[in-house]
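Each chain, written out:
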Amino acid sequence: MEYATLGRTGLRVSKLGFGASPLGNEFGEADPAEGERAVHCAIDLGINYFDVAPYYGRTLAETRLGAALEGRRDKVVLATKCGRYDVDGFDFSAARIRLSIDESLQRLRTDYLDVFLAHDIEFADARQVVEEAIPTMRELQQEGKARFIGITGLQLNMLRRVAERIGAEAAPVDAILSYCRYNLLITDMDDLLTPFVQRHGIGLINASPLHMGLLTAGGPPSWHPATAEVKEMGRRLVQFCWQLGIRASDLALQFCLQHPDVATTLAGMSTVEHVRQNVAAATGSVDAALIVEVRTLISPFANRIWPTGRPENQDYAS
Ligand code: NAD
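Here's a quick rundown of the structure. (Residues numbered from 1 in each chain as written. Predicted model: local features only at pLDDT ≥ 70, side-chain atom pairs only at ≥ 80, totals over all residues. Heavy atoms only, no water.)

## A word on the packing of aromatic side chains
Right, so step 1: Summed over the entire model, instances satisfying the criterion amount to 6 aromatic pairs.
Right, so step 2: With a centroid separation of 4.4 Å and an interplanar angle of 10 degrees, the aromatic rings of phenylalanine 90 and phenylalanine 123 are classed as stacked. Of this pair, phenylalanine 90 sits in strand β7 (residues 89–90) while phenylalanine 123 sits in the loop between β8 (113–118) and α4 (126–142); the two residues are 33 residues apart in sequence, bridging distant segments of the chain.
Right, so step 3: Here the aromatic residues Phe90, Phe92 and Phe123 are joined through ring pairs into a cluster of three or more.
Right, so step 4: A cation sits over an aromatic face here: arginine 84 above phenylalanine 123, 4.9 Å from the ring centre.
Right, so step 5: Positioned above the aromatic ring of tyrosine 85 is the side chain of arginine 96, whose terminal nitrogen or guanidinium carbon lies 4.1 Å from the ring centre. (Phe/Tyr/Trp six-rings, centres within 6.5 Å; stacked < 30°, edge-to-face > 60°. Helix = DSSP H or I, 4+ residues; strand = E, 2+ residues; numbered from the N terminus. Lys NZ or Arg CZ within 6 Å of the ring centre and 35° of its normal.)

## So, the pairing of strand β3 (residues 16–19)
Right, so step 1: Because side chains alternate across β3, one face comprises the buried residues Leu16 and Phe18, and the other comprises Gly17 and Gly19, equally buried.
Right, so step 2: Pairing analysis gives 4 bridges linking β3 to strand β12 (residues 264–268), with the strands arranged parallel. Residue pairing in the sheet places leucine 16 in a bridge with threonine 265 of β12.
Right, so step 3: Both β3 and strand β4 (residues 49–51) contribute to a ladder of 2 bridges, which runs parallel. Within β4, the position partnered with glycine 19 by the bridge is aspartate 51.
Right, so step 4: Taken together, β3, helix α1 (residues 32–44) and β4 constitute a β-α-β crossover, and its handedness is right-handed. (Buried < 20%, exposed > 50% of the residue type's maximum accessible area, 1.4 Å probe, protein only. Pairing = 2+ DSSP bridges. Right-handed = clockwise from strand over helix to strand, strands pointing away.)

## Considering the pattern of salt bridges
Right, so step 1: In this structure the tally under the stated criterion is 24 salt bridges.
Right, so step 2: Measuring nitrogen to oxygen at the nearest pair gives 3.0 Å for the salt bridge that ties arginine 37 to glutamate 34. Placement of the pair is arginine 37 and glutamate 34 together in helix α1, with a separation of 3 residues, close to one helical turn.
Right, so step 3: With relative accessibility at 45%, the residue arginine 37 sits in the partly exposed group.
Right, so step 4: Between arginine 98 and glutamate 143 there is a salt bridge; the shortest N-O distance is 2.6 Å. Taken together, the residues arginine 98 in helix α3 (residues 94–107) and glutamate 143 in the loop between α4 and β9 (146–153) connect sequence positions 45 residues apart.
Right, so step 5: Using a relative accessible area of 28% as the deciding quantity, one classes arginine 98 as partly exposed. (Salt bridge = Lys/Arg side-chain N within 4 Å of Asp/Glu carboxyl O.)

## Considerations on the nonpolar core
Right, so step 1: In terms of nonpolar packing, the biggest core is built from 110 residues, with Phe18, Phe50, Leu65, Phe116, Ile151 and Ile176 touching the most fellow members.
Right, so step 2: Sequence-distant contacts of isoleucine 176, defined by excluding residues within four places in its chain, comprise Ile151, Leu159, Ala163, Leu193, Phe196, Val197, Ile202, Gly203, Leu204 and Ile205. (Core = buried A, V, L, I, M, F, W, Y, C linked by side-chain atoms within 4.5 Å. Contact = heavy atoms within 4.5 Å.)

## Brief notes about the sheet that holds β8
Right, so step 1: On the basis of which strands lie adjacent, the closed barrel formed by 8 strands has the order β3-β4-β5-β8-β9-β10-β11-β12 and parallel pairing. Shown here is a sheet whose adjacent strand axes are inclined to one another by a mean of 30 degrees, direction ignored.
Right, so step 2: For β4 and strand β5 (residues 77–82), the ladder comprises 3 bridges, and the chain directions are parallel. Following the sheet pairing, phenylalanine 50 is matched in β5 by leucine 78.
Right, so step 3: Helix-sheet contacts for α4 involve β5, β8 and β9, and the interaxial angle to β9 is about 155 degrees. (Axes fitted to C-alpha atoms, helices over the stretch in contact; angles between N-to-C directions.)

## As for the layout of surface pockets
In this approach, a probe sized like a water molecule rolls over the atoms, and the result shows the empty space that is left.
Right, so step 1: The calculated volume of the second largest pocket comes to roughly 200 Å³.
Right, so step 2: The set of elements that each furnish at least two residues to the lining of the second largest pocket consists of α9 (248–257) and α10 (272–283).
Right, so step 3: A total of 3 residues in the lining of the second largest pocket trace back to one element, the largest contributor, which is α10.
Right, so step 4: Residue classes in the lining of the second largest pocket are distributed as 5 nonpolar, 4 polar and 2 charged. (1 Å grid on protein atoms, 1.4 Å probe; cavity = no way out; pocket = protein on both sides within 12 Å on 5 of 7 lines; lining within 4 Å. Points joined across faces, edges and corners; volume = space filled by probe spheres on them. Nonpolar A, V, L, I, M, F, W, Y, C, P; charged D, E, K, R; others polar.)

## Topic: unusual backbone geometry
Right, so step 1: Within the chain, cysteine 180 stands out as a residue other than glycine whose phi angle is a positive 55 degrees.
Right, so step 2: When you line up the elements, cysteine 180 lands in the loop between β10 (175–179) and α6 (189–192).
Right, so step 3: If you check the backbone angles, serine 208 has positive phi at about 65 degrees while not being a glycine.
Right, so step 4: Turning to its location among the elements, serine 208 is positioned in the loop between β11 (203–207) and α8 (228–243).

Take it as geometry only, folks, not as evidence of what the structure does.
What follows is the structure, encoded as C-alpha coordinates:
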(Lines give C-alpha, C1' and ligand atoms only; values in the text may rest on other atoms or scores of the structure.)
Protein backbone atom coordinates (compact mmCIF):
# COMPACT_ATOMS: atom_id res chain seq x y z
CA MET A 1 0.00 0.00 0.00
CA GLU A 2 1.20 3.49 -0.79
CA TYR A 3 0.73 6.40 1.60
CA ALA A 4 0.53 10.16 1.13
CA THR A 5 0.39 13.18 3.39
CA LEU A 6 -3.01 14.83 3.73
CA GLY A 7 -2.34 18.47 2.87
CA ARG A 8 -0.47 20.20 5.66
CA THR A 9 -1.92 18.04 8.43
CA GLY A 10 1.09 15.74 8.53
CA LEU A 11 -1.30 12.76 8.62
CA ARG A 12 0.04 9.86 6.55
CA VAL A 13 -2.93 8.21 4.88
CA SER A 14 -3.24 5.14 2.69
CA LYS A 15 -3.85 6.05 -0.97
CA LEU A 16 -6.84 3.69 -0.87
CA GLY A 17 -9.21 4.60 1.95
CA PHE A 18 -12.13 2.71 3.47
CA GLY A 19 -15.53 4.31 2.88
CA ALA A 20 -17.84 3.00 5.59
CA SER A 21 -21.23 4.09 4.25
CA PRO A 22 -21.98 0.50 3.08
CA LEU A 23 -21.62 -0.61 6.73
CA GLY A 24 -24.77 1.46 7.32
CA ASN A 25 -26.70 -0.49 4.64
CA GLU A 26 -26.60 2.44 2.20
CA PHE A 27 -25.96 0.02 -0.67
CA GLY A 28 -28.21 -2.79 0.52
CA GLU A 29 -28.20 -4.96 3.63
CA ALA A 30 -24.66 -5.54 4.93
CA ASP A 31 -23.86 -8.47 7.22
CA PRO A 32 -22.45 -6.89 10.41
CA ALA A 33 -20.01 -9.76 11.13
CA GLU A 34 -18.71 -9.65 7.56
CA GLY A 35 -18.45 -5.86 7.80
CA GLU A 36 -16.27 -6.24 10.88
CA ARG A 37 -14.07 -8.78 9.09
CA ALA A 38 -13.79 -6.34 6.16
CA VAL A 39 -12.55 -3.59 8.49
CA HIS A 40 -9.97 -5.92 10.06
CA CYS A 41 -8.85 -7.20 6.66
CA ALA A 42 -8.46 -3.63 5.40
CA ILE A 43 -6.22 -2.71 8.35
CA ASP A 44 -4.20 -5.91 7.89
CA LEU A 45 -3.67 -5.03 4.22
CA GLY A 46 -2.43 -1.52 5.00
CA ILE A 47 -5.55 0.66 4.68
CA ASN A 48 -5.44 3.21 7.48
CA TYR A 49 -7.94 5.92 6.44
CA PHE A 50 -11.55 5.29 7.49
CA ASP A 51 -14.41 7.63 6.57
CA VAL A 52 -17.88 7.51 8.09
CA ALA A 53 -20.74 9.85 9.04
CA PRO A 54 -23.74 9.94 11.40
CA TYR A 55 -25.89 10.08 8.23
CA TYR A 56 -24.80 6.65 6.95
CA GLY A 57 -27.51 4.26 8.06
CA ARG A 58 -28.69 7.05 10.41
CA THR A 59 -25.88 6.29 12.90
CA LEU A 60 -25.65 2.54 12.09
CA ALA A 61 -22.37 2.83 10.13
CA GLU A 62 -20.65 4.71 12.97
CA THR A 63 -21.87 2.17 15.52
CA ARG A 64 -20.64 -0.75 13.43
CA LEU A 65 -17.31 0.89 12.58
CA GLY A 66 -16.76 1.79 16.23
CA ALA A 67 -17.29 -1.83 17.26
CA ALA A 68 -14.97 -3.09 14.51
CA LEU A 69 -12.21 -0.65 15.51
CA GLU A 70 -12.28 -1.65 19.18
CA GLY A 71 -8.66 -2.29 20.14
CA ARG A 72 -7.34 -1.02 16.80
CA ARG A 73 -8.21 2.67 17.01
CA ASP A 74 -4.55 3.65 17.16
CA LYS A 75 -3.91 1.93 13.80
CA VAL A 76 -6.23 4.22 11.83
CA VAL A 77 -6.85 7.79 10.75
CA LEU A 78 -10.53 8.19 11.59
CA ALA A 79 -12.84 10.71 9.94
CA THR A 80 -16.49 11.42 10.57
CA LYS A 81 -18.84 14.28 9.79
CA CYS A 82 -21.50 16.62 11.12
CA GLY A 83 -24.40 18.66 9.79
CA ARG A 84 -26.23 15.95 7.83
CA TYR A 85 -28.47 13.52 9.70
CA ASP A 86 -31.08 12.37 7.18
CA VAL A 87 -31.97 12.62 3.48
CA ASP A 88 -33.50 16.02 4.19
CA GLY A 89 -32.16 16.48 7.72
CA PHE A 90 -29.47 19.16 8.03
CA ASP A 91 -28.30 21.25 10.96
CA PHE A 92 -25.05 23.21 10.81
CA SER A 93 -25.67 25.17 14.02
CA ALA A 94 -22.98 25.40 16.71
CA ALA A 95 -25.14 23.62 19.27
CA ARG A 96 -25.87 20.66 16.98
CA ILE A 97 -22.23 20.31 15.91
CA ARG A 98 -21.08 20.24 19.55
CA LEU A 99 -23.67 17.57 20.36
CA SER A 100 -22.89 15.72 17.13
CA ILE A 101 -19.19 15.23 17.84
CA ASP A 102 -19.88 13.88 21.33
CA GLU A 103 -22.46 11.43 19.94
CA SER A 104 -20.06 10.33 17.18
CA LEU A 105 -17.16 9.85 19.61
CA GLN A 106 -19.37 7.65 21.75
CA ARG A 107 -20.53 5.52 18.81
CA LEU A 108 -16.98 5.28 17.47
CA ARG A 109 -15.67 4.33 20.96
CA THR A 110 -12.91 6.91 20.94
CA ASP A 111 -12.15 10.27 22.54
CA TYR A 112 -10.84 12.07 19.46
CA LEU A 113 -11.32 12.20 15.70
CA ASP A 114 -8.47 12.65 13.29
CA VAL A 115 -10.63 14.48 10.76
CA PHE A 116 -14.02 16.14 11.35
CA LEU A 117 -15.92 17.26 8.25
CA ALA A 118 -19.02 19.39 7.65
CA HIS A 119 -21.14 17.05 5.53
CA ASP A 120 -22.68 18.03 2.16
CA ILE A 121 -22.49 21.77 2.69
CA GLU A 122 -24.35 22.59 -0.53
CA PHE A 123 -27.49 21.95 1.53
CA ALA A 124 -26.47 24.71 3.95
CA ASP A 125 -26.46 28.47 3.94
CA ALA A 126 -22.84 29.31 2.99
CA ARG A 127 -22.79 32.08 5.55
CA GLN A 128 -23.74 29.75 8.38
CA VAL A 129 -20.98 27.33 7.37
CA VAL A 130 -18.40 30.13 7.31
CA GLU A 131 -19.53 32.05 10.37
CA GLU A 132 -20.86 29.32 12.66
CA ALA A 133 -20.04 25.74 11.63
CA ILE A 134 -16.33 26.08 10.82
CA PRO A 135 -15.52 28.31 13.84
CA THR A 136 -17.27 25.77 16.10
CA MET A 137 -15.29 22.96 14.52
CA ARG A 138 -12.07 24.94 15.09
CA GLU A 139 -13.06 25.32 18.76
CA LEU A 140 -13.56 21.56 18.99
CA GLN A 141 -10.12 21.15 17.43
CA GLN A 142 -8.68 23.42 20.16
CA GLU A 143 -10.47 21.32 22.76
CA GLY A 144 -8.74 18.20 21.44
CA LYS A 145 -11.83 16.43 20.13
CA ALA A 146 -10.72 16.62 16.49
CA ARG A 147 -7.19 16.91 15.16
CA PHE A 148 -8.20 18.49 11.83
CA ILE A 149 -11.33 19.79 10.17
CA GLY A 150 -12.80 20.17 6.70
CA ILE A 151 -15.83 20.22 4.42
CA THR A 152 -17.49 17.82 1.98
CA GLY A 153 -19.99 17.99 -0.85
CA LEU A 154 -20.83 17.42 -4.49
CA GLN A 155 -20.96 21.06 -5.59
CA LEU A 156 -17.33 22.09 -6.02
CA ASN A 157 -17.73 25.84 -6.47
CA MET A 158 -19.51 25.93 -3.12
CA LEU A 159 -16.66 24.04 -1.43
CA ARG A 160 -14.15 26.46 -2.90
CA ARG A 161 -16.23 29.56 -2.16
CA VAL A 162 -16.70 28.60 1.47
CA ALA A 163 -13.02 27.81 1.96
CA GLU A 164 -12.05 31.10 0.29
CA ARG A 165 -14.35 33.08 2.58
CA ILE A 166 -12.97 31.56 5.76
CA GLY A 167 -10.12 33.95 5.36
CA ALA A 168 -6.51 34.57 5.88
CA GLU A 169 -5.34 31.45 7.66
CA ALA A 170 -2.69 29.40 5.86
CA ALA A 171 -5.23 26.64 5.26
CA PRO A 172 -8.80 27.86 5.74
CA VAL A 173 -9.82 24.24 6.19
CA ASP A 174 -7.44 21.33 6.57
CA ALA A 175 -9.18 18.96 4.16
CA ILE A 176 -11.83 18.91 1.45
CA LEU A 177 -13.71 15.76 0.42
CA SER A 178 -15.20 15.74 -3.07
CA TYR A 179 -17.26 12.83 -4.39
CA CYS A 180 -18.38 11.67 -7.86
CA ARG A 181 -16.34 14.45 -9.51
CA TYR A 182 -13.20 12.52 -10.36
CA ASN A 183 -13.44 9.00 -11.72
CA LEU A 184 -13.59 7.25 -15.10
CA LEU A 185 -16.87 9.04 -15.87
CA ILE A 186 -16.02 12.54 -14.72
CA THR A 187 -12.94 14.66 -14.11
CA ASP A 188 -14.16 18.22 -13.54
CA MET A 189 -12.76 18.22 -9.98
CA ASP A 190 -9.50 19.12 -11.67
CA ASP A 191 -11.04 22.22 -13.27
CA LEU A 192 -13.01 23.47 -10.28
CA LEU A 193 -11.23 22.34 -7.13
CA THR A 194 -7.77 20.79 -7.48
CA PRO A 195 -5.86 24.01 -8.34
CA PHE A 196 -7.45 25.73 -5.33
CA VAL A 197 -6.53 23.03 -2.81
CA GLN A 198 -3.01 22.84 -4.24
CA ARG A 199 -2.58 26.59 -3.81
CA HIS A 200 -3.71 26.47 -0.17
CA GLY A 201 -2.07 23.21 0.91
CA ILE A 202 -5.48 21.71 1.70
CA GLY A 203 -5.69 17.92 1.86
CA LEU A 204 -7.74 16.50 -1.01
CA ILE A 205 -9.91 13.41 -0.48
CA ASN A 206 -11.63 11.87 -3.50
CA ALA A 207 -14.67 9.71 -2.76
CA SER A 208 -16.82 7.39 -4.87
CA PRO A 209 -14.22 6.13 -7.39
CA LEU A 210 -16.83 3.59 -8.52
CA HIS A 211 -19.34 6.41 -9.06
CA MET A 212 -21.41 5.06 -6.13
CA GLY A 213 -21.52 1.53 -7.53
CA LEU A 214 -22.26 2.47 -11.14
CA LEU A 215 -18.83 1.23 -12.27
CA THR A 216 -19.24 -2.22 -10.70
CA ALA A 217 -20.72 -5.52 -11.82
CA GLY A 218 -23.41 -5.12 -9.13
CA GLY A 219 -24.52 -1.85 -10.72
CA PRO A 220 -25.84 1.29 -9.02
CA PRO A 221 -28.31 1.24 -6.11
CA SER A 222 -31.94 2.16 -6.83
CA TRP A 223 -31.48 5.66 -5.33
CA HIS A 224 -28.55 6.51 -7.64
CA PRO A 225 -29.20 10.01 -9.06
CA ALA A 226 -27.44 9.61 -12.46
CA THR A 227 -29.55 9.74 -15.60
CA ALA A 228 -30.68 6.53 -17.32
CA GLU A 229 -28.20 7.08 -20.15
CA VAL A 230 -25.23 7.46 -17.78
CA LYS A 231 -26.34 4.29 -15.98
CA GLU A 232 -26.56 2.53 -19.34
CA MET A 233 -23.05 3.76 -20.17
CA GLY A 234 -21.82 2.28 -16.87
CA ARG A 235 -23.48 -1.04 -17.69
CA ARG A 236 -21.81 -1.09 -21.12
CA LEU A 237 -18.45 -0.26 -19.60
CA VAL A 238 -18.74 -3.09 -17.07
CA GLN A 239 -19.68 -5.46 -19.92
CA PHE A 240 -16.78 -4.23 -22.09
CA CYS A 241 -14.30 -4.89 -19.27
CA TRP A 242 -15.87 -8.27 -18.50
CA GLN A 243 -15.34 -9.32 -22.13
CA LEU A 244 -11.64 -8.47 -21.71
CA GLY A 245 -11.52 -10.57 -18.55
CA ILE A 246 -11.06 -7.67 -16.17
CA ARG A 247 -13.19 -6.02 -13.52
CA ALA A 248 -14.42 -2.51 -14.27
CA SER A 249 -14.05 -1.68 -10.57
CA ASP A 250 -10.30 -2.49 -10.76
CA LEU A 251 -9.80 -0.17 -13.71
CA ALA A 252 -11.94 2.55 -12.14
CA LEU A 253 -9.94 2.45 -8.90
CA GLN A 254 -6.62 2.46 -10.71
CA PHE A 255 -7.64 5.52 -12.71
CA CYS A 256 -8.41 7.42 -9.50
CA LEU A 257 -5.35 6.22 -7.63
CA GLN A 258 -3.07 7.68 -10.27
CA HIS A 259 -4.17 11.21 -9.37
CA PRO A 260 -1.06 12.96 -8.02
CA ASP A 261 -2.85 15.50 -5.80
CA VAL A 262 -5.40 13.23 -4.10
CA ALA A 263 -4.11 12.00 -0.74
CA THR A 264 -6.67 9.22 -0.38
CA THR A 265 -9.36 7.75 -2.63
CA LEU A 266 -12.31 6.37 -0.66
CA ALA A 267 -14.03 3.21 -1.89
CA GLY A 268 -17.17 2.04 -0.11
CA MET A 269 -16.67 -1.47 1.26
CA SER A 270 -18.40 -3.90 3.59
CA THR A 271 -17.03 -7.31 2.53
CA VAL A 272 -13.64 -9.01 2.72
CA GLU A 273 -13.91 -9.90 -0.97
CA HIS A 274 -14.23 -6.27 -2.02
CA VAL A 275 -11.43 -5.18 0.30
CA ARG A 276 -9.10 -7.84 -1.12
CA GLN A 277 -10.05 -7.01 -4.72
CA ASN A 278 -9.66 -3.28 -4.22
CA VAL A 279 -6.31 -3.52 -2.43
CA ALA A 280 -5.04 -5.83 -5.18
CA ALA A 281 -6.20 -3.33 -7.82
CA ALA A 282 -4.63 -0.45 -5.90
CA THR A 283 -1.28 -2.17 -5.67
CA GLY A 284 -1.31 -3.97 -9.06
CA SER A 285 -0.02 -2.90 -12.45
CA VAL A 286 -2.06 -0.43 -14.49
CA ASP A 287 -2.99 -0.79 -18.17
CA ALA A 288 -2.72 2.88 -19.15
CA ALA A 289 -3.69 2.21 -22.79
CA LEU A 290 -6.89 0.48 -21.70
CA ILE A 291 -7.80 3.40 -19.46
CA VAL A 292 -7.44 5.76 -22.45
CA GLU A 293 -9.58 3.43 -24.57
CA VAL A 294 -12.32 3.22 -21.95
CA ARG A 295 -12.36 6.96 -21.38
CA THR A 296 -12.78 7.49 -25.13
CA LEU A 297 -15.67 5.04 -25.13
CA ILE A 298 -17.30 6.93 -22.26
CA SER A 299 -16.63 10.44 -23.56
CA PRO A 300 -20.12 11.19 -24.99
CA PHE A 301 -21.52 10.72 -21.47
CA ALA A 302 -18.64 12.16 -19.46
CA ASN A 303 -18.75 14.97 -16.90
CA ARG A 304 -22.44 14.82 -16.05
CA ILE A 305 -23.67 15.50 -12.56
CA TRP A 306 -27.05 16.07 -10.98
CA PRO A 307 -28.46 18.93 -8.92
CA THR A 308 -28.18 18.60 -5.13
CA GLY A 309 -28.56 21.18 -2.41
CA ARG A 310 -29.80 24.74 -2.49
CA PRO A 311 -30.41 26.38 -5.89
CA GLU A 312 -27.77 29.04 -5.23
CA ASN A 313 -25.11 26.38 -4.59
CA GLN A 314 -25.28 24.52 -7.91
CA ASP A 315 -22.17 24.26 -10.10
CA TYR A 316 -24.16 24.13 -13.34
CA ALA A 317 -27.53 25.52 -14.29
CA SER A 318 -29.91 22.61 -14.96
P1 NAD B 1 -18.14 3.97 -4.35
O2 NAD B 1 -17.91 4.59 -5.67
O3 NAD B 1 -16.98 3.64 -3.50
O4 NAD B 1 -19.06 2.66 -4.60
C5 NAD B 1 -19.53 1.90 -3.53
C6 NAD B 1 -20.28 0.69 -4.08
O7 NAD B 1 -19.36 -0.15 -4.80
C8 NAD B 1 -20.87 -0.20 -2.98
O9 NAD B 1 -22.06 -0.79 -3.47
C10 NAD B 1 -19.81 -1.26 -2.81
O11 NAD B 1 -20.33 -2.46 -2.27
C12 NAD B 1 -19.36 -1.46 -4.24
N13 NAD B 1 -18.00 -2.01 -4.36
C14 NAD B 1 -16.87 -1.64 -3.72
N15 NAD B 1 -15.83 -2.39 -4.12
C16 NAD B 1 -16.32 -3.26 -5.04
C17 NAD B 1 -15.72 -4.28 -5.82
N18 NAD B 1 -14.43 -4.58 -5.75
N19 NAD B 1 -16.52 -4.98 -6.67
C20 NAD B 1 -17.83 -4.70 -6.78
N21 NAD B 1 -18.45 -3.75 -6.06
C22 NAD B 1 -17.70 -3.03 -5.20
O23 NAD B 1 -19.15 4.94 -3.59
P24 NAD B 1 -19.32 5.44 -2.09
O25 NAD B 1 -19.38 4.30 -1.14
O26 NAD B 1 -20.43 6.41 -2.13
O27 NAD B 1 -18.01 6.29 -1.82
C28 NAD B 1 -16.96 5.83 -1.00
C29 NAD B 1 -17.00 6.44 0.38
O30 NAD B 1 -16.73 7.84 0.31
C31 NAD B 1 -18.36 6.35 1.09
O32 NAD B 1 -18.54 5.07 1.67
C33 NAD B 1 -18.22 7.45 2.10
O34 NAD B 1 -17.44 7.04 3.20
C35 NAD B 1 -17.46 8.52 1.31
N36 NAD B 1 -18.36 9.50 0.66
C37 NAD B 1 -18.54 10.71 1.26
C38 NAD B 1 -19.42 11.64 0.71
C39 NAD B 1 -19.63 12.96 1.38
O40 NAD B 1 -18.98 13.25 2.37
N41 NAD B 1 -20.51 13.81 0.90
C42 NAD B 1 -20.13 11.34 -0.46
C43 NAD B 1 -19.90 10.12 -1.07
C44 NAD B 1 -19.01 9.21 -0.50
